[in-house]
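An overview of the molecular structure
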Amino acid sequence: MALNDYRVALVTGASSGIGAAATTALAEHGLTVHALARRADRLAALAEGHSVVPHALDATDDSAVAALLAGIEPDVVVLNAGTSKAGALHELSAADVDGQLALNVGAVLKTLQRVLPGLIARNRGHIVLIGSVAGVYPLAHSTLYAATKAAIHTAALSLRAELAKTRIRVTEILPGRVRTEIHGRSLGDPEEARRRLFDGFETLEPEDIAEAIVYAVGAPQRVNVGVIEISPTHQAYGGNIFAPSASQP
Ligand SMILES: NC(=O)c1ccc[n+]([C@@H]2O[C@H](COP(=O)([O-])OP(=O)(O)OC[C@H]3O[C@@H](n4cnc5c(N)ncnc54)[C@H](OP(=O)(O)O)[C@@H]3O)[C@@H](O)[C@H]2O)c1
């Protein structure tokens, strides 16, 4: 599928998981992909054989991101870098709150502030935000993460309204459980993540999300694919929590 006349993409969080799969998929569709993440070795491996330009930097480093964006004109912007730490809200630290807000929300909004003037001036482009089902459904022990992803959800909806008079499209993707490194980081132990979340479960793969990105970006210019929720077939949300009195503290 030709991805319209888009030539250049920016993908954050490109060194693993969904971002790496999205980088590869966009490069395979002929785009030059500027791939941003902190792990230079992973980005270098991703760039082998593909039109991928690695940028080893921290997405929350405002001046480094500004310097990068001053030199490129991306048509497709995939804001995907994100982190999570599992735990009840009161068990997490203030630094956890600051760090997760800075990356999952602050870096996304600030990067948008930097790319939007160019996109609007050129009146073309596509913004893809990676949210989460946690941003729209309750998820115990993920209150902080859920709050950051809810911010992305509402930002995507408002940005879409803000840009409706332009040729700039906005898509948010809400993945359910995808087999990536985020779960090991979140639990602090990749093996525990494998045992608790992956062994015995049929989950999504990063390529499933990359295919959705390619679909949205490749849709005809008259089409804005707004929100895509993608879950493993056996994962669903909702239900009813009604703790028996005896279980209350
Ligand atoms: N996996 C799931 O089940 C799932 C479900 C819903 C939503 N999501 C969302 O999908 C997105 C991608 O996560 P993933 O599942 O693919 O996990 P992942 O493999 O851990 O990918 C996270 C990416 O973000 C990068 N990153 C982390 N901190 C960064 C920073 N400060 N600056 C720049 N890059 C940074 C990581 O690279 P470096 O460490 O090299 O910087 C990595 O490339 C996240 O926004 C996540 O919330 C994931």
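Residues numbered from 1 in each chain as written. Predicted model: local features only at pLDDT ≥ 70, side-chain atom pairs only at ≥ 80, totals over all residues. Heavy atoms only, no water.

Going by what an unreviewed UniProt entry lists, the chain is known as SDR family oxidoreductase and is assigned to Azospirillum argentinense. Under the UniProt heading Sequence similarities (unreviewed entry), the note attached to the chain is "Belongs to the short-chain dehydrogenases/reductases (SDR) family." (UniProt positions renumbered as here; feature names shortened; annotations may be inferred.)

1. Considering the side chain of Thr-171
Here Thr-171 is to be found in strand β6 (residues 168-175). You can call Thr-171 buried: its relative accessible area is 0%. Sequence-distant contacts of Thr-171, that is, excluding residues within four places in its chain, are made with His-126, Ile-127, Val-128, Leu-129, Ala-216, Val-225, Gly-226 and Ile-228. (Helix = DSSP H or I, 4+ residues; strand = E, 2+ residues; numbered from the N terminus. Buried < 20%, exposed > 50% of the residue type's maximum accessible area, 1.4 Å probe, protein only. Contact = heavy atoms within 4.5 Å.)

2. A short note on the layout of surface pockets
Put simply, the second largest pocket is a space of about 170 Å³. Looking at the lining of the second largest pocket residue by residue, the classes come out as six nonpolar, three polar and no charged. (1 Å grid on protein atoms, 1.4 Å probe; cavity = no way out; pocket = protein on both sides within 12 Å on 5 of 7 lines; lining within 4 Å. Points joined across faces, edges and corners; volume = space filled by probe spheres on them. Nonpolar A, V, L, I, M, F, W, Y, C, P; charged D, E, K, R; others polar.)

3. Here's the deal with the sheet that holds β6
Spatially, β3-β2-β1-β4-β5-β6-β7 is the arrangement adopted by the seven strands of the open sheet, whose pairing is parallel. Only two strands of the sheet have a single neighbouring strand rather than two, namely β3 (52-56) and β7 (227-230). In this sheet, adjacent strand axes meet at a mean angle of 15° when their direction is disregarded. Docked against the sheet, helix α4 (residues 94-122) engages β1 (8-12), β4 (76-79), β5 (125-130) and β6, running at close to 170° with respect to β5. (Pairing = 2+ DSSP bridges. Axes fitted to C-alpha atoms, helices over the stretch in contact; angles between N-to-C directions.)

4. Focus: α4
In this model, α4 (29 residues) spans 41 Å end to end at C-alpha, consistent with the 42 Å of a helix rising 1.5 Å per residue. The largest bend in α4 amounts to roughly 40° and is located at Ala-102. Residue Asn-123 follows α4 closely and has a positive phi angle near 50°. (Expected span 1.5 Å × (residues − 1). Bend = angle between axes of the 7 residues up to and from the residue.)

5. Digging into the nonpolar core
With 38 residues, the main nonpolar core has Leu-26, Val-33, Val-76, Ile-173 and Ile-213 as its most contacted residues. The set of elements that each furnish at least two residues to this core consists of β1, α1 (17-28), β2 (32-37), α2 (40-47), β4, β5, α8 (206-218) and β7. Membership of the second largest hydrophobic core comes to 26 residues, among which are Leu-10, Val-115, Leu-116 and Ile-152. (Core = buried A, V, L, I, M, F, W, Y, C linked by side-chain atoms within 4.5 Å.)

6. Notes on the pairing of β6
Within β6, eight of the eight residues are buried, which leaves it mostly tucked inside the rest of the structure. Burial along β6 is two-sided: Ile-168, Val-170, Glu-172 and Leu-174 and Arg-169, Thr-171, Ile-173 and Pro-175, pointing in opposite directions, are all buried. Pairing analysis gives six bridges linking β5 to β6, with the strands arranged parallel. Along β6, the bridge assignment pairs His-126 with Arg-169. A crossover links β5 with its parallel partner β6, the connecting element being helix α5 (residues 143-162), and its sense is right-handed. Across four bridges, β6 lies against β7 in parallel orientation. Within β7, the position partnered with Ile-173 by the bridge is Ile-228. (Right-handed = clockwise from strand over helix to strand, strands pointing away.)

7. Observations regarding unusual backbone geometry
Even without being glycine, Asn-4 reaches a positive phi, approximately 50°. Here Asn-4 is to be found in the segment before β1. Its relative accessible area of 27% is what places Asn-4 among the partly exposed residues. If you check the backbone angles, His-141 has positive phi at about 65° while not being a glycine. Positionally, His-141 belongs in the loop between β5 and α5.

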